[in-house]
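For reference, the chains in residue letters:
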Amino acid sequence: MTLASGTRLGPYEVSAKIGVGGIGEVYKATDTNLKRAVAIKVLPASVARNTERLARFQREAARTPSPFVWPEIKLGPGHMD
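If you're wondering where the values come from, they're calculated on a predicted model, not measured in any experiment.

1. Things to note about the overall build of the protein
Moving on, step 1. Per the secondary structure count, the protein includes 2 helices and 4 strands.
Moving on, step 2. Ordering the α and β elements of the protein from the N terminus gives β-β-β-β-α-α.
Moving on, step 3. Buried residues in the protein amount to 25% of all 81 residues.
Moving on, step 4. Taking the contacts inside the protein whose residues are at least 6 apart along the sequence as the reference set, 26% of them involve residues at least 24 apart.
Moving on, step 5. In the structure as shown, the protein presents an accessible area of about 5700 Å², 56% of it carried by carbon and sulfur atoms.

2. Thoughts on the pairing of strand S2 (residues 12-20)
Moving on, step 1. Both strand S1 (residues 8-9) and S2 contribute to a ladder of 2 bridges, which runs antiparallel. Note that in S2 the partner of Leu-9 across the bridge is Tyr-12.
Moving on, step 2. In this structure, S2 lies alongside strand S3 (residues 25-31), joined through 7 bridges in antiparallel fashion. Looking at S3, one finds that Ala-16 is bridged to Lys-28.
Moving on, step 3. Linking S2 to S3, which pair antiparallel, is a turn of 4 residues.

3. Things to note about the nonpolar core
Moving on, step 1. With 9 residues, the main nonpolar core is built from Leu-3, Leu-9, Tyr-12, Val-14, Tyr-27, Ala-29, Val-38, Ile-40 and Val-42.
Moving on, step 2. At the level of secondary structure, the elements contributing two or more residues to this core comprise S2, S3 and strand S4 (36-42).
Moving on, step 3. At 3 residues, S4 tops the list of elements feeding residues into this core.

4. Looking at the sheet that holds S2
Strand pairing in a sheet is mediated by backbone hydrogen bonds. Such pairs are either parallel or antiparallel.
Moving on, step 1. Strand order in this open sheet of 4 strands is S1-S2-S3-S4, and the pairing throughout is antiparallel. In the strand order of this sheet, the two ends are held by S1 and S4, each with one partner.

5. So, the environment of Arg-36
Moving on, step 1. Position of Arg-36 relative to the elements: it lies in strand S4.
Moving on, step 2. When the C-alpha atoms of Arg-36 and Tyr-12 are compared, they prove to be 9.7 Å apart, with 24 residues separating the residues in sequence.

6. Digging into the pattern of salt bridges
Moving on, step 1. All chains considered together, the criterion is met by 1 salt bridge.
Moving on, step 2. Among the ionic pairs, Glu-25 bridges to Lys-17, the shortest N-O distance being 3.3 Å.
Moving on, step 3. Judged by relative accessible area, Glu-25 falls into the buried class, the value being 14%.
Moving on, step 4. Judged by relative accessible area, which is 39%, Lys-17 ranks as partly exposed.

Rules used throughout
- Residues numbered from 1 in each chain as written.
- Predicted model: local features only at pLDDT ≥ 70, side-chain atom pairs only at ≥ 80, totals over all residues.
- Heavy atoms only, no water.
- Helix = DSSP H or I, 4+ residues; strand = E, 2+ residues; numbered from the N terminus.
- Buried < 20%, exposed > 50% of the residue type's maximum accessible area, 1.4 Å probe, protein only.
- Contact = heavy atoms within 4.5 Å.
- Areas by Shrake-Rupley, 256 points an atom, 1.4 Å probe, with all protein chains shown as cover.
- Pairing = 2+ DSSP bridges.
- Core = buried A, V, L, I, M, F, W, Y, C linked by side-chain atoms within 4.5 Å.
- Salt bridge = Lys/Arg side-chain N within 4 Å of Asp/Glu carboxyl O.

Now the structure itself:
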């Protein structure tokens, strides 16, 4: 799923694609509530529906090693509204 600049995902407004990896696409966005830059990883439906791959993604996100990165995980199609 490719997101266009200006796409809204809940309180987040996408501004640009910044990367593609083995498990999804990463976008630069703005948290419109907090007025700060964020990165959003969007998983393809095939990953989101695969319980093993989704669990792996959640484990990796929970082990974020950088003191400058705060994981915030929101899952499910309801976060695309």
